Amino acid sequence: MQHIAELVDEATACKIIGGENTPIHRSTLWRGINAGRFPKPLKIGPGTNRWRTCELIAFLEKAAAERDEVAA
């Protein structure tokens, strides 16, 4: 059986990327998606987008790893 990923809405995606206390703005999220920096959402209906939590966390881990490479 395949693992089913948790899906989150736009507001939660902004909180995951920016932090619970300082979420990024939704326009920042979409600029990052259009620029290829942030993961693209899954389109699950008209006007309904969801992000896989595991993809958002993988993005953050990759960003941290790249930061650590530069610092080393």
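Residues numbered from 1 in each chain as written. Predicted model: local features only at pLDDT ≥ 70, side-chain atom pairs only at ≥ 80, totals over all residues. Heavy atoms only, no water.

Pulling in residues and values, what's your account of the pattern of salt bridges?
A complete count under the given rule lists 5 salt bridges for this structure. Among the ionic pairs, E20 bridges to K15, the shortest N-O distance being 3.9 Å. Looking at E20, the relative accessible area reads 59%, which means it is exposed. Put simply, K62 and E66 hold a salt bridge, and the shortest N to O gap is 3.8 Å. Taken as a pair, K62 and E66 lie in helix 3 (residues 53–71) at a separation of 4 residues, close to a single helical turn. When its relative accessible area of 40% is taken as the criterion, E66 is described as partly exposed. (Salt bridge = Lys/Arg side-chain N within 4 Å of Asp/Glu carboxyl O. Buried < 20%, exposed > 50% of the residue type's maximum accessible area, 1.4 Å probe, protein only. Helix = DSSP H or I, 4+ residues; strand = E, 2+ residues; numbered from the N terminus.)

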